[in-house]
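Next come the chains, spelled out residue by residue.
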Amino acid sequence: MSRYLLGRTIALVLTALAASLVVFVAMAVLPGDPAAIILGTGARPDTLAALRAEMGLDQPVAWRYLEWIGGFLVGDLGTSYTYSVPVADLVAQRAAVSLPLAVLALVLSTLIAIPVGVYAASRRGRAGDVATMGVAQVGVAVPNFWLGLMLVILFALTLGWLPASGFPGWEAGLLAGLEALILPALALALPQAAILARVTRSSVIETLGEDFIRTARAKGLSGEAALWRHAVPNALIPVVTIMGLQFSFLLAGTIIIENVFTLPGLGRLVFQAIAQRDLITVQSLVTLLAISVIVVNFLVDLAYAALDPRLSRGGAR
Amino acid sequence: MSGVVRKTGGRRLPAASPSLVVGLVITAIFVAMALVSLVWTPYEPTALNILNKLEAPSLAHPLGTDFFGRDVLSQIMAGAQVSIVVAVVAVLVGAGIGVPLGALAAARGGLVDDVVMRSTDLAFAFPALLTAVIITALAGPGAVNAIVAIGIFNIPVFARLTRGAALGLWKRDFVLAARCAGKSDLAITIEHVLPNCTAVLVVQATIQFALAIVAEAGLSYVGLGVQPPQPSWGKMLFDAQTYIYTAPWLAIFPGLAITIAVLGLNLLGDGLRDALDPKVRRAR
Amino acid sequence: MSRLLEIENLRVEIPALTGAAPILEGVDIGLDRGEKLGIVGESGCGKSMTALAIMGLLPGAARATGAIRLDGRDLLATSEREMQGIRGRRIAMVFQEPMTALNPVKTIGAQIAESLILHLRLPKAQAAERARALLDRVGLPGPRFSLDLYPHQLSGGQRQRVVIAIALACGPDVLIADEPTTALDVTIQAQILDLLEDLVAEMGMALVLITHDLGVVEETCERMMVMYAGRVVESGRTADVFAHMAHPYTRGLFAASPRSALLTSAREPSGRKRRLAAIPGQVPDPRARPPGCAFAPRCPRAQDDCRAAPPPLAPLGAPGRADHAAACLHPHPPSGMAGDVAASAEGAR
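A quick note: this is a predicted structure, and the numbers were derived from the prediction, not measured.

Cut-offs used in this document
- Along each chain, residue indices are assigned from 1 in the same order as the chain's sequence is written.
- Here every chain gets a letter starting at A, and every ligand a number starting at 1, in the order they are written.
- For this predicted model, a pLDDT threshold of at least 70 governs which residues receive local features, and a threshold of 80 or more governs which side-chain atom pairs are given and counted, while totals over whole chains, interfaces and linings are taken from all residues.
- Working from all heavy atoms in the structure, the side-chain values ignore hydrogens and water.
- Secondary structure elements are taken from DSSP: a helix is a run of H or I of four residues or more, a strand is a run of E of two residues or more, and numbering for both begins at the N terminus.
- Think of it in three bands: residues with accessible area under 20% of the maximum for their type are buried, residues over 50% are exposed, and the middle band is partly exposed, with areas taken using a 1.4 Å probe on protein chains only.
- Accessible surface area values rest on a Shrake-Rupley calculation with a 1.4 Å probe, where residue burial reflects the displayed protein chains alone.
- By the counting scheme adopted, Arg and Lys are positive, Glu and Asp are negative, and His together with the chain ends is not counted.
- The location of each charge is read from NZ of Lys, CZ of Arg, CG of Asp or CD of Glu.
- Computation of the radius of gyration draws on C-alpha atoms, with the globule rule given as 2.2 Å multiplied by the number of residues to the power 0.38.
- A pair of cysteine sulfur atoms is labelled a disulfide when the two atoms are within 2.5 Å.
- As a per-residue quantity, pLDDT reports the predictor's confidence and falls between 0 and 100.
- A contact between two residues is defined here by any heavy atoms of the two lying within 4.5 Å.
- Aromatic rings from Phe, Tyr and Trp, with only the six-membered ring used for Trp, were paired whenever their centres fell within 6.5 Å, and each pair was classed as stacked if the ring planes differed by under 30 degrees, edge-to-face if by over 60, and tilted otherwise.
- UniProt positions are given in the numbering used here, feature names are shortened, and annotations may be inferred rather than shown by experiment.
- Accessible surface is computed with a 1.4 Å probe, and the buried area is the amount of it that two parts give up when combined, taken over both parts together.
- We define a salt bridge as a contact between a side-chain nitrogen of Lys or Arg and a carboxyl oxygen of Asp or Glu at a distance within 4 Å.
- For two strands to be treated as a pair, DSSP must find at least two bridges joining them.
- What goes into a patch is any residue over 30% in relative accessible area without a salt bridge, connected to like charges within 9 Å or, for nonpolar side chains (Val, Leu, Ile, Met, Phe, Trp, Tyr), within 5 Å.
- Helix span, expected: 1.5 Å multiplied by one less than the number of residues in the helix.

> Summarise the overall build of chain A; cite the residues concerned and give the values.
A count of helices and strands for chain A gives 13 helices and zero strands. Reading chain A from its N end, one meets helices and strands in the order α-α-α-α-α-α-α-α-α-α-α-α-α. For chain A, the C-alpha atoms occupy an extent of roughly 85 × 65 × 35 Å along the three principal directions. When the 317 residues of chain A are sorted by exposure, 48% land in the buried category. As presented, chain A carries roughly 14100 Å² of accessible surface, and 67% of it is formed by carbon and sulfur atoms. Computed over 20 positive and 18 negative side-chain charges, the inter-centroid distance for chain A is 15 Å.

Dropping the structure here:
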């Protein structure tokens, strides 16, 4: 087990390093000198050279990479070209919106998908199954940014229950913050829930066909009890993997959704940074997001092993 | 003797898959709409008519008009062109690079396989849409860059799928026979392995096609897809957002178009998978 | 007084698109406490369906008619809720596939304790204690075989012992064992059968042993029935059936078993090895059964009247073998069996 963990951790670090290298190289080969962008086209060569030296741009590429990635290890993500503040501060400030949004979406999607999927599986082939899976089939096809607009039209403009856009900041109180996030989170969560519900359904159906379900029924368990005690726990193990994969979708989804709802999150930061050619911010932010996806997948693997005794406990014979 | 009947099961629906039929019909309509728009639309999609701006749906304009008085139906019809072209080319780019990579990994194994597989792992670490946004934003908006940005993330999908399917085939007897006959790995891949992967690849292509349509709409929505005046569904949604209070139908119809097109392709993919793989049909 | 388990005219059908197809027809079984009944037949003959019908666990759309009485109470007329109180408590079952019959993500202790908690309302600690005692009894002693083990940590034979412990947890009156040793290694098979026999004797249960192995039935069960295509074709005391083998199908089964090869090769003077005689043809699909005796197409003794209507299960009327019955119009005459078997095997080829 510890060997497995060690191997996985090494793979995690290597993948993260490779991801950072890919981002760094991609940004380095981009045309355009950051110093020239900051100073504008009319800058004098000597000021340009001075700024380049200050930004470390005159150093060899390999050294710049090492310096940048070394900074990562101590939480220094560089200094924003345009805001002249540490990128880490910018990220922390924006993550306070994006992270709760992604987590809320993941929670909502799970809370909706698993009961729906289990219900459909238990009614397999009958009206309840066909109806819920029909809705899920449509749900998978709905683009989340359009769903966001529709939710705004319904809940904000027509019913007036929730704000249409913007974010008051957490200083305005937990409730006000959540109110601003609930529609975007729903827009992100519902299409994901549709996918997750379909996965849950087929996983539960597969498990219900297993011999041990018959053993459970032969013990005297009701169909319902066999479903919840024996089928669902087993069926959810693969669902956890899908949830991990969805994290990546949700991260990408926030970037567009934050535009729909004008939320000051990481997605907006990416757009602003790109628009202003604040390349160091883009570079560090993308790397950070890639690393978080890698870490989440790593955690999912661990959770998978922990949930399935066949992986976590060796044979005794 | 008591003749009691215990009813243990309810009525079940027949096993035949309507997904395939419905998916096929929707996809055909979607393609036909794009083709028809090449020669005919109710109005010129890009024709401005400020006098008729923001009209609600009516007989003259079934889906209404936008802020510049352009006919929404005509725009949606013409917008299908962009969706199809960008999505098809992006999927072809992805498959064109991914399939050979996957086939190579399966044929050679060892280090080549490791390199290809670890590269796909790495690619999956980058959220696809986010990265597509950054690529188009930095390289400049437009159809070609959108295709490249979306196509890149199809490469690992096709590479993995092809490798998985091909690995199984390489163990089969007819491939062993071909090897014994002295055929090269390349010849075996082309003659025996790839033809037998077609079914799974076609199913996946359908699904990737649907994803590419959403991705294209997403890019256009944030202003990074095809540029005006060429109509595009994502761009229409972006424009509609400004008038969401006064003309909500502007936001409804392009999104419906995306949803229905994607739904049709997903149904088609499901139906094809069921039709091509009897094992899956049983599990449904 | 009513018998412990009494099945009368059991019929199971699956209303398929092409009309009702009977999976089982006219099955009668009587079983007393402490009695051991063997049911034999090829796969697809309805043995497992009979077991599932008794458990009330028939798949999906299958419907059962007739009567299945446990101590005089008709289980077919019993509500599903009440059946849940009977399953695992009064009737328990051991399955064929120990590798898949246990939930891989739950400990064996939890799986044994589950029915104790469900039926006997034992508190958790007490249920664990009982589970420990059960595991000890089925030959998985602690501390080596801890309650906290998971199924994948056990071998096939060990898992089957756990399945048996689950079945016995609440001291059922009837134990149905459906091919309990088929999936196991030959050396383990005998151990598991011995264990089952000991437990049945010790707890005074009735045993229904379903198998395709005639040898197992001869060793274990005092009564037996042979099933073919959803019907009982021969039944009686095991000794009587083996002594006579009235139905050609019973003889065919015997001729196809390794045991008969031993028996006959011993008699063969040339010493050349005789191949196992397989019964030609296969069990007909329930939707396409011939109108007469279902075995007629494969039967070396079949005549025209066999193809007219299915023959009823009728007593053979041999003196002192009152309940020996066969469903055959042209049964083998009671005579020296092994020679006949060889002959019928030749004829069948």
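> Tell me about the overall build of chain B, and name the residues and values.
When helices and strands are counted, chain B shows eleven helices and zero strands. Mapped from its N terminus to its C terminus, chain B presents α and β elements in the order α-α-α-α-α-α-α-α-α-α-α. The C-alpha radius of gyration computed for chain B amounts to 24 Å, which surpasses the reference 19 Å derived for 284 residues by more than 25%, pointing to a less compact arrangement than a globule. Its C-alpha atoms put chain B at 75 × 75 × 35 Å along the principal axes. Expressed as a percentage of its 284 residues, the buried residues of chain B come to 49%.

> So, the state of the cysteines: which residues are in play, and what are the values?
By the definition in use, this model includes zero disulfides over all chains. Here cysteine 328 of chain C is not cross-linked by a disulfide; its sulfur's nearest cysteine counterpart is in cysteine 299 of chain C, at 6.1 Å.

> So what's going on with the confidence of the model for chain B? Residues and values would help.
All names here are of chain B. Summary statistics for chain B give a mean pLDDT of 84 and a share of 92% for residues scoring 70 or more. Considering only residues more than four positions removed or in separate chains, one finds that residues 280-284, a stretch of pLDDT under 50, has eleven contacts. For this predicted complex, the interface confidence reaches an ipTM of 0.84, while the overall pTM sits at 0.84.

> Requested: an account of the packing of aromatic side chains, with residues and values cited.
By the definition in use, this model includes 13 aromatic pairs over all chains. Between phenylalanine 24 of chain A and tyrosine 65 of chain A, the ring centres sit 5.2 Å apart and the planes meet at 65°, which makes this aromatic pair edge-to-face. Taken together, the positions of phenylalanine 24 of chain A in helix H1 (residues 2-28) and tyrosine 65 of chain A in helix H4 (residues 61-73) put the pair 41 residues apart, joining distant regions of the chain. Judged on exposure class, the residue phenylalanine 24 of chain A and its partner tyrosine 65 of chain A are both buried. Look at tyrosine 228 of chain C and phenylalanine 295 of chain C: their rings are 5.1 Å apart centre to centre, the planes differ by 80°, and that puts the pair in the edge-to-face class. With tyrosine 228 of chain C in strand E9 (residues 223-228) and phenylalanine 295 of chain C in the loop between helix H11 (258-267) and strand E11 (314-315), this pair connects stretches of sequence that are 67 residues apart. Each member of the aromatic cluster is reached from another via a ring pair, and the members are Phe24, Tyr65, Trp68 and Phe72 of chain A.

> Could you give an account of the UniProt feature "domain: ABC transmembrane type-1" (unreviewed entry) in chain A, naming the residues involved and the relevant values?
Per the UniProt annotation, the sites labelled "domain: ABC transmembrane type-1" (unreviewed entry) are residues 95-300 of chain A. Counting secondary structure, residues 95-300 of chain A comes out at 83% helix and 0% strand; the distance between its end C-alpha atoms is 22 Å.

> Go over unusual backbone geometry with me, naming the residues and quoting the values.
In the segment running from glycine 142 of chain C into proline 143 of chain C, the intervening peptide bond is cis, with an omega of 0°. Take proline 143 of chain C: it is sitting in the loop between helix H5 (124-137) and helix H6 (156-168). In this structure, serine 84 of chain A is a non-glycine residue whose phi angle is positive, near 55°. Within the secondary structure, serine 84 of chain A sits in the loop between H4 and helix H5 (87-122). Here the phi dihedral of aspartate 71 of chain C falls at roughly 50°; this positive angle occurs in a residue that is not glycine. Note on placement: aspartate 71 of chain C falls in the loop between strand E4 (63-70) and strand E5 (73-74).

> Kindly report on the UniProt feature "transmembrane region" (unreviewed entry) in chain B, identifying the contributing residues and their values.
Residues and elements named next belong to chain B. Per the UniProt annotation, the sites labelled "transmembrane region" (unreviewed entry) are residues 20-40, 82-107, 119-138, 199-223 and 243-269. Secondary structure across residues 119-138 comprises 85% helix and 0% strand; the distance between its end C-alpha atoms is 23 Å. Structurally, residues 243-269 is divided into 78% helix and 0% strand, and its ends, taken at the C-alpha atoms, are 36 Å apart.

> How would you sum up the interface of chain A and chain B? Please name residues and give values.
At the interface, 46 residues of chain A touch 39 residues of chain B. Here chain A meets chain B over a buried area of about 3600 Å², counting both sides, of which 77% is carbon and sulfur. Its largest share of buried area at the contact with chain B, chain A owes to Phe145, Trp146 and Leu149 of chain A, together 16% of the area lost on that side. Run the count over chain A and chain B and you get one salt bridge. Salt-bridge contacts for arginine 198 of chain A lead to aspartate 270 of chain B; the nearest nitrogen and oxygen are separated by 3.0 Å.

> Describe the sheet that holds strand E7 (residues 174-178) of chain C, with residues and values.
All names here are of chain C. Pairing is mixed in the open sheet, where eight strands are placed in the order E6-E7-E8-E3-E9-E10-E12-E11. Lying at the two open borders of the sheet, with one neighbouring strand each, are strand E6 (91-94) and E11. Bridge count for E11 against strand E12 (residues 325-326) is two bridges, and the pairing is antiparallel. If you follow proline 315 over to E12, its bridge partner there is alanine 325.

> So what about the UniProt feature "transmembrane region" (unreviewed entry) in chain A? Which residues, and what values?
Residue and element names in this part refer to chain A. Feature annotation in UniProt places "transmembrane region" (unreviewed entry) on residues 12-30, 99-121, 142-162, 174-197, 235-257 and 285-307, given in this structure's numbering. Taken end to end, residues 142-162 is 71% helix and 0% strand, and its two terminal C-alpha atoms sit 22 Å from one another. For residues 174-197, the helix share is 100%, the strand share is 0%, and the end-to-end C-alpha distance is 30 Å.

> Outline the pattern of salt bridges, listing residues and values.
Side-chain pairing between opposite charges can occur once the charged atoms of the two side chains come close. Tallying each qualifying case throughout the model produces 36 salt bridges over all chains. Between lysine 183 of chain B and glutamate 191 of chain B there is a salt bridge whose closest N-O contact spans 2.7 Å. Classification of lysine 183 of chain B as partly exposed rests on a relative accessible area of 37%. Put simply, aspartate 32 of chain C and arginine 3 of chain C hold a salt bridge, and the shortest N to O gap is 3.3 Å. With aspartate 32 of chain C in the loop between strand E2 (19-31) and strand E3 (36-40) and arginine 3 of chain C in the segment before strand E1 (5-16), this residue pair connects regions lying 29 residues apart in the sequence. On the basis of relative accessibility, which here comes to 32%, the residue aspartate 32 of chain C falls in the partly exposed class. Each of Arg3, Asp32, Glu35 and Arg223 of chain C takes part in salt bridges that share partners, so that together they form one network.

> Lay out a negative patch on the surface with the relevant residues and their values.
All names here are of chain C. Taken together, Asp194, Asp198, Asp213 and Glu219 make up a surface patch of like negative charges. Mapped onto the fold, aspartate 198 is located in helix H7 (residues 186-203). By relative accessible area, aspartate 198 is classed as partly exposed at 45%.

> Pulling in residues and values, what's your account of the confidence of the model for chain A?
Considering every residue of chain A, the mean pLDDT works out to 87; 97% of them sit at 70 or more. Helix H2 (residues 34-39) of chain A is the least confidently modelled element of chain A, averaging 72 in pLDDT, while helix H9 (residues 211-219) of chain A averages 94, the highest of any element.

> Give a description of helix H2 (residues 72-108) of chain B that names residues and reports values.
Relative to the 54 Å expected for 37 residues at 1.5 Å per residue, H2 of chain B spans 53 Å between its end C-alpha atoms, a close match to the ideal helical length. Following H2 of chain B by one or two positions, glycine 109 of chain B has its phi on the positive side, about 65°.

> Can you tell me about the environment of serine 2 of chain C, naming the residues and giving the values?
Residues and elements named next belong to chain C. Looking at the secondary structure, you find serine 2 in the segment before E1. Judged by relative accessible area, which is 33%, serine 2 ranks as partly exposed. Distance in space between the C-alpha atoms of serine 2 and glycine 320 is 24 Å, their sequence separation being 318 residues. The residues touching serine 2, leaving out its near neighbours within four places in the chain, are Asp71 and Gly72.

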